[in-house]
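# Residue-level structural notes
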Amino acid sequence: RPAESVTSGGGPGRSSRAAVSVANLRGSGSPAPGGTVRRLVLTAKKATVRLPSGREIEAWTYNGEIPGPAITATQGDLIDVRLRNADIEDGVTLHWHGYDVPCGEDGAPGVTQLAVGPGAEFVYRFRADQVGTYWYHTHHASHLGVHKGLYGTLVVEPRDGQRADGQVDLTLPVHTFGGTVVIAGRDGRTEHLAPPGTPVRLRLINTDSDPHRIVLAGTPFRVAAVDGRDLNQPGEVSDVGLHLPAGGRYDLVFLMPDTSVALVVDDDRDGGLRLHGDDPGEARVEDDLPELDLLRYGAPAAVPFDARDADRHFTMVLDRGVAMVDGRPAYAHTVNGRGHPAIPGQLVAEGDVVRFTVVNRSLETHPWHLHGHPVLILSRDGTPSTGSPLWVDTFDVRPGETWEVAFRATNPGIWMNHCHNLPHAHQGMMLRLHYD
Ligand code: C2O
Ligand code: CU
């Protein structure tokens, strides 16, 4: 296995503390008792992919497919993925978005590993202890690679979970290629048969750099999970729109009614998904539905720390300013007035409760994403979150907003903390969180 040691960048004159070698923070080599090994080879390569409409895309793919192969596991399985790069000159990695893997498996190039160049490979191994809906993508030149197709889905089912007979469980990564919405590799509408009474779970994943607006018409439903984590007592809703941040996931559940159900993304009524039951009539899709506020959805429950006395508190002001981009000064997206790598890192110690205040002074939405840890939403613009505890890995900070979030530092290493609008991240809206 590659043994490159990537250090925290101390350099001469720094304290005598040994540099953290995150490349050594690797995952377990075996599944939990009763679990199996999910072994897979993902080969990154260029391919011409033909969508069902006949449209062809010059894509960058894993195994020639967009999305890449769906990875599924049961809690406790060992995921063992050999990444090979056939012909992506820029290099590739695999990052397990929202999955709190040991740092050495995180796929952050220049931090946890070197990017995998053409002809090279890297093996990722970690135990699938975390249940839910996630995704994987390259983290190298990701503003190019992810957009061109280097992404796929990761779904982990609970070990004791029983799938009801005939249950419909669909994993639906939403990606735009040149303005066309492609859902799970299909452009245009997909039809599914779901007899009345069938339990349905739709796992929506936004693999784009911009938010998507989602409408589920024809049935009341619940948002059972956000970013892979179950909500507490999510109530039934209908006639609402959902705002799905870049990188984010919503699991929507409902019982199939007698009539049909439609999933509409970004008002594209010819696309999306239709589930039809006995009655072939079309579900009526309303315009201008109010947006569901997830900060007031579901019921409160205990959380494992008190965020009011955090051990560390960092403020990140998101704005525009001059920063170095690709080696030249440019007007770019900045954090506290600077761009990566000139943004000072954030230092934490294992066990700390860490609080972030994220202020958006720019005119664009920034989907903020921390690797390796879910964050608990505390408030938006001073209004506390009063619904179910909301643990996310990406939250959309819209223009003018201020968000407060907190997490417990329990996963040692060096972690990227960045905007998941990938062109923004490329322009420098990215920093590192280090464990002391
Ligand atoms: Cu989904 Cu740092 O990325
Ligand atoms: Cu951004």
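### Concerning the overall build of the chain
Of regular secondary structure, the chain possesses two helices and 32 strands. Relative to a compact globule of 436 residues, whose C-alpha radius of gyration would be 22 Å, the chain shows 21 Å and is just as compact. Across its three principal axes, the chain shows a C-alpha extent of roughly 75 × 50 × 50 Å. Looking at the 436 residues of the chain, the share that counts as buried comes to 46%.

### Let's talk about the domain arrangement of the chain
Interfaces are often sized by the accessible area lost when the parts come together. According to the domain assignment, the chain contains domain 1 (22-157), domain 2 (168-292) and domain 3 (307-435). Distance from the C-alpha centre of domain 1 to the C-alpha centre of domain 2: 25 Å. The interface is formed by 20 residues belonging to domain 1 together with 19 residues belonging to domain 2. Of all the secondary-structure elements, those providing two or more residues to the side of domain 1 that touches domain 2 are strand 7 (132-137) and strand 8 (151-157). Take the side of domain 1 that touches domain 2: its biggest share by element is five residues, from strand 7. Per-class residue counts for the side of domain 1 that touches domain 2 are eleven nonpolar, eight polar and one charged.

### Comments concerning the environment of His140
Along the chain, His140 turns up in the loop between strand 7 and helix 1 (142-148). According to the C-beta neighbour criterion, His140 is buried, with 26 such atoms within 10 Å. Through-space distance from the C-alpha of His140 to that of Thr93 is 6.1 Å; in sequence the pair is 47 residues apart.

### Section: unusual backbone geometry
In the segment running from Ile66 into Pro67, the intervening peptide bond is cis, with an omega of -10°. Here Pro67 shows up in the loop between strand 2 (56-62) and strand 3 (71-74). A positive phi angle, near 50°, is found at Ala184, a position not held by glycine. Along the chain, Ala184 falls in the loop between strand 10 (180-183) and strand 11 (186-187). Among the residues examined, Ala184 registers 18 C-beta atoms within 10 Å and is labelled partly exposed. Unusually for a residue other than glycine, Asp288 sits at a positive phi of about 50°. With respect to the helices and strands, the residue Asp288 is situated in the loop between strand 20 (273-276) and strand 21 (312-325).

### A closer look at the confidence of the model for the chain
Detailed reading of the predicted coordinates is not advisable wherever pLDDT is low. When pLDDT is averaged along the chain, the result is 92, and 95% of the positions lie at 70 or above. Below a pLDDT of 50 lies the segment residues 1-18, which in the model reaches 22 contacts outside its immediate sequence neighbourhood of four places, other chains included.

### A word on the UniProt feature "domain: Plastocyanin-like" (unreviewed entry) in the chain
Here the UniProt-annotated "domain: Plastocyanin-like" (unreviewed entry) positions come out as residues 45-160 and 336-433. Summarising residues 45-160: 6% helix, 41% strand, and an end-to-end C-alpha distance of 37 Å. In the segment residues 336-433, helix accounts for 5% and strand for 48%; the C-alpha atoms at its two ends are 15 Å apart.

### Re the sheet that holds strand 11
For sheets, the rule is that strands pair by backbone hydrogen bonds, running either parallel or antiparallel. Judged by pairing direction, the sheet is mixed, and its seven strands sit side by side in the order 11-10-9-13-18-15-16 without closing on themselves. The sheet is open, and its two borders are formed by strand 11 and strand 16 (229-230), each paired with just one other strand.

### Description of the pairing of strand 30 (residues 402-408)
Burial within strand 30 is extensive, with six of its seven residues counted as buried. In this structure, strand 24 (residues 353-360) lies alongside strand 30, joined through seven bridges in antiparallel fashion. Counted as the bridge partner of Val358 is Trp403 from strand 30. Across four bridges, the pairing between strand 26 (residues 375-380) and strand 30 is antiparallel.

### Quick word on the sheet that holds strand 6 (residues 121-127)
The strand order across the open sheet formed by four strands is 2-1-4-6, and the pairing between neighbours is mixed. Pairing within the sheet leaves two strands with one partner each, and these edge strands are strand 2 and strand 6. Each adjacent strand pair in this sheet contributes to an overall mean axis angle of 25°, direction not counted. In this sheet, strand 4 (residues 78-85) lies alongside strand 1 (residues 37-50) in parallel orientation, the contact comprising eight bridges. Among the inter-strand pairings, Thr43 is bridged to a residue of strand 4, identified as Arg84.

Calculation notes
- Residues numbered from 1 in each chain as written.
- Chains lettered and ligands numbered in written order.
- Predicted model: local features only at pLDDT ≥ 70, side-chain atom pairs only at ≥ 80, totals over all residues.
- Helix = DSSP H or I, 4+ residues; strand = E, 2+ residues; numbered from the N terminus.
- Rg over C-alpha atoms; globule rule 2.2 N^0.38 Å.
- Buried ≥ 20, exposed ≤ 12 C-beta atoms within 10 Å, placed from the backbone.
- Domains from an automatic or database assignment.
- Contact = placed C-beta atoms within 7 Å.
- Nonpolar A, V, L, I, M, F, W, Y, C, P; charged D, E, K, R; others polar.
- pLDDT = per-residue confidence, 0-100.
- UniProt positions renumbered as here; feature names shortened; annotations may be inferred.
- Pairing = 2+ DSSP bridges.
- Axes fitted to C-alpha atoms, helices over the stretch in contact; angles between N-to-C directions.

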